[in-house]
Amino acid sequence: MRSTRVHAKVRKAKGAYLNHRESFWAGVRAEVPLLIGVFPFGMIYGALALNAGLSKLASQMMSSIVFAGSSQFVTAQLVHDAVPGLVIVLTIAVVNLRHMLYSASLAPYLASLSTSWKAMLSYLLTDEAYAPTIVRYEKEGLTPTAHWFLFGAGLALWSTWQVSTAVGIFFGTAIPASWSLDFALPLTFIAMVVPVLKNRPAIASALSAGIVALVTYSLPYRLGLIVAAIVGIAVGTFLENKTHIEPIEELPIQANLLESLDDPRTNKERK
Amino acid sequence: MNIWLVMLFGGLITFGIRFSFIYLFGRFHIPGTLRKALHYVPPAVLSAIIFPEIFLRNQQLDLSLDNHRLLAGTIAVVVAYFTKNTLVTILAGMLALALLQLFS
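Residue numbers here run from 1 along each chain, matching the order of that chain's written sequence. Think of it this way: whatever chain is written first is A, whatever ligand is written first is 1, and the rest follow in order. Reporting of local features is limited, given that this is a predicted model, to residues whose pLDDT is at least 70; pairs of side-chain atoms are given and counted only at 80 or more, and all residues count toward the totals for whole chains, interfaces and linings. Calculated side-chain values reflect all of the structure's heavy atoms, with hydrogen atoms and water omitted.

Enquirer: Is there a simple way to explain the overall build of chain B in this structure?
Expert: Summing up its helical and strand segments, chain B has five helices and two strands in all. Secondary structure is summarised from DSSP: a helix means a run of H or I of at least four residues, a strand means a run of E of at least two, and numbering begins at the N terminus for each. For chain B, the N- to C-terminal ordering of α and β elements is α-α-α-β-β-α-α. Contacts are residue-level and defined by heavy atoms, with any inter-residue pair within 4.5 Å sufficient. Contacts in chain B between residues far apart in sequence, at least 24 positions, make up 26% of those at least 6 positions apart. By element, 69% of the accessible surface of chain B is carried by carbon and sulfur atoms, the whole surface being about 5600 Å². Computed with the Shrake-Rupley method and a 1.4 Å probe, the accessible areas treat only the protein chains shown as cover for residues.

Structure (structure tokens):
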């Protein structure tokens, strides 16, 4: 690894860039610290999905068909509550809407790729693949092999997510209901939402959405969830426009990951 | 709708969201208000899911001390605030709930 890095530096000095293989492995290496946190998540998902009444096959396949952590947790919960499929699909869309930001943010760096490359990288575009990739791109600028970095990071995450789901499914069968494993779901969301409440618009957005969710809970098909989300988004956006406070820059998970990424990276470069 | 159809449509929509701007880049401008609004999706959606899970018991608002999930959830909020660590938060909340259930 060290020699690769030295080679890369030499070549960069000459005005050349990492070849596609070096760029791919750089992406994989950048993803490793994040995988440590992702693995238990995948296990919890696998166990919860099974607990919610999904079959082993469906629980596993959701990790490759949908491939989006928080929406998979939500889907498991909604299946457990026997919510109609159309509402689940709409909820998945709302929960994953944030990925549109990542898409917009990475688009300039991927503009020259073929449509099939763009499609594959979009499939792999999660919170955890986006975080190290945008850090890299903003530092290195546009290079001819930049897309291999995202491919490496995304594929490392994808593989880990599939394996950890399988492990969770396997152990999930051994966990008794009295352990209240289902409570891990709201706890996961609490852990994700609290760090994002950095300013008044964000706090108001969360509180208004939460209160509307309580008031509208009795609505059929759990439509209250979507009503509450729309109210919360509108309140946050309105207050931000009114107060001109800086918007939230990162998702909580992403912010955590960036912090955990920072140290090893700067250390390496000092050496 | 069958679970496989839910996953198929959910997956296609998720892919479409991720593909959207990467595919359309340079073809149209992202309105500023939409960019701002997208920032509030995580706090709004996640809170809309969390609140009923911890405030409601048997579909009724329960603000009493008997509502173990509310207490454990509050502890988790405090732990999340100070540690900013997802796993520690989950463990703290699960432990709090287990102890509350054990000693009640």
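Enquirer: Is there a simple way to explain the nonpolar core in this structure?
Expert: Burial of nonpolar side chains together is a common tendency in soluble globular proteins. Counting residues in hydrophobic clusters, the biggest one holds 98 residues, and the most contacted among them are A:Phe73, A:Leu106, A:Leu110 and A:Phe189. Top element by residues in this core is helix 2 (residues 20-51) of chain A. It accounts for eleven residues. Ignoring sequence-local partners within four residues, the contact set of A:Phe189 consists of A:Ser70, A:Phe73, A:Val74, B:Leu46, B:Ile49 and B:Ile50. The definition of a nonpolar core used throughout is a set of buried Ala, Val, Leu, Ile, Met, Phe, Trp, Tyr and Cys residues joined through side-chain atoms within 4.5 Å. Only protein chains enter the area calculation, which uses a 1.4 Å probe; residues under 20% of their type maximum are buried, those over 50% are exposed, and those in between are partly exposed.

Enquirer: Looking at this model, I keep getting lost on empty space enclosed by the protein. Mind explaining?
Expert: A water-sized probe rolled over the atoms picks out the places where empty space is left. Residue and element names in this part refer to chain A. Both cavities and pockets are sets of points on a 1 Å grid over the protein atoms alone; in a cavity a 1.4 Å probe fits but cannot get out, in a pocket the set is open with protein on both sides within 12 Å along at least five of seven lines, and lining residues sit with an atom within 4 Å of a point. Grid points are joined across faces, edges and corners, and a volume is the space filled by probe spheres set on the points. One pass over the full model with this rule turns up six cavities of 30 Å³ or more. Its boundaries defined by the atoms lining it, the largest cavity holds a volume of some 210 Å³. What lines the largest cavity is a set of 18 residues, and nearest its centre among them are Ala68, Gly69, Ser70, Glu128 and Trp161. Of all the secondary-structure elements, those providing two or more residues to the lining of the largest cavity are helix 2, helix 4 (69-80), helix 8 (127-140), helix 9 (146-172) and helix 10 (184-193). Counting residues per element, the lining of the largest cavity draws most heavily on helix 4, which supplies three residues. Of the residues in the lining of the largest cavity, the class split is nine nonpolar, five polar and four charged. By the convention adopted, Pro, Cys, Tyr, Trp, Phe, Met, Ile, Leu, Val and Ala count as nonpolar, Lys, Arg, Asp and Glu as charged, and the other residues, Gly among them, as polar.

Enquirer: Whenever I open this one, helix 3 (residues 56-65) of chain A confuses me. Can you help?
Expert: Turn by turn, an α-helix covers 3.6 residues, leaving residues three or four places apart pointing in a common direction. All of the buried residues in helix 3 of chain A are A:Ala58, A:Ser59, A:Met62, A:Ser63 and A:Ser64. Two residues or fewer past helix 3 of chain A, A:Phe67 is found with a positive phi of approximately 50°.

Enquirer: Is there a simple way to explain helix 1 (residues 3-24) of chain B in this structure?
Expert: Residues and elements named next belong to chain B. The span you would expect from a helix comes to 1.5 Å times its residue count less one. For helix 1, built from 22 residues, the straight-helix expectation of 32 Å at 1.5 Å per residue is met to within 8% by its first-to-last C-alpha distance of 31 Å. We define the bend at any residue as the angle between the axes fitted to the seven residues before and including it, ending there, and the seven starting there. The largest bend in helix 1 amounts to roughly 35° and is located at Arg18. When we look at burial in helix 1, the residues that qualify are Val6, Met7, Gly10, Gly11, Thr14, Ile17, Arg18, Phe19, Ser20, Phe21 and Ile22. Whenever a nitrogen or oxygen atom comes within 3.5 Å of another N or O atom, the pair is scored as a polar contact, on the condition that within protein one atom can donate a hydrogen and the other can accept it, and that pairs from neighbouring residues in sequence are kept only if both atoms are in side chains. Measuring from the side-chain oxygen of the N-cap residue of helix 1 to the backbone nitrogen of Trp4 gives 2.5 Å; that N-cap residue is Asn2.

Enquirer: What is the right way to read a nonpolar patch on the surface from this model?
Expert: Side chains of A:Leu86, A:Leu90, B:Met1, B:Leu5, B:Leu8, B:Phe9 and B:Leu12 sit close together on the surface and give an oily, nonpolar patch of about 660 Å² of accessible area. Breaking the nonpolar patch down by element, the ones donating at least two residues are helix 5 (85-96) of chain A together with helix 1 of chain B. Following the sequence through the fold, B:Leu12 ends up in helix 1. Relative accessible area serves as the criterion here: at 52%, B:Leu12 is assigned to the exposed category. Put simply, a patch holds well-exposed residues, over 30% relative accessible area, that have no salt bridge, with like charges counted together within 9 Å and Val, Leu, Ile, Met, Phe, Trp or Tyr side chains within 5 Å. Every case where a carboxyl oxygen of Asp or Glu lies within 4 Å of a side-chain nitrogen of Lys or Arg is listed as a salt bridge.

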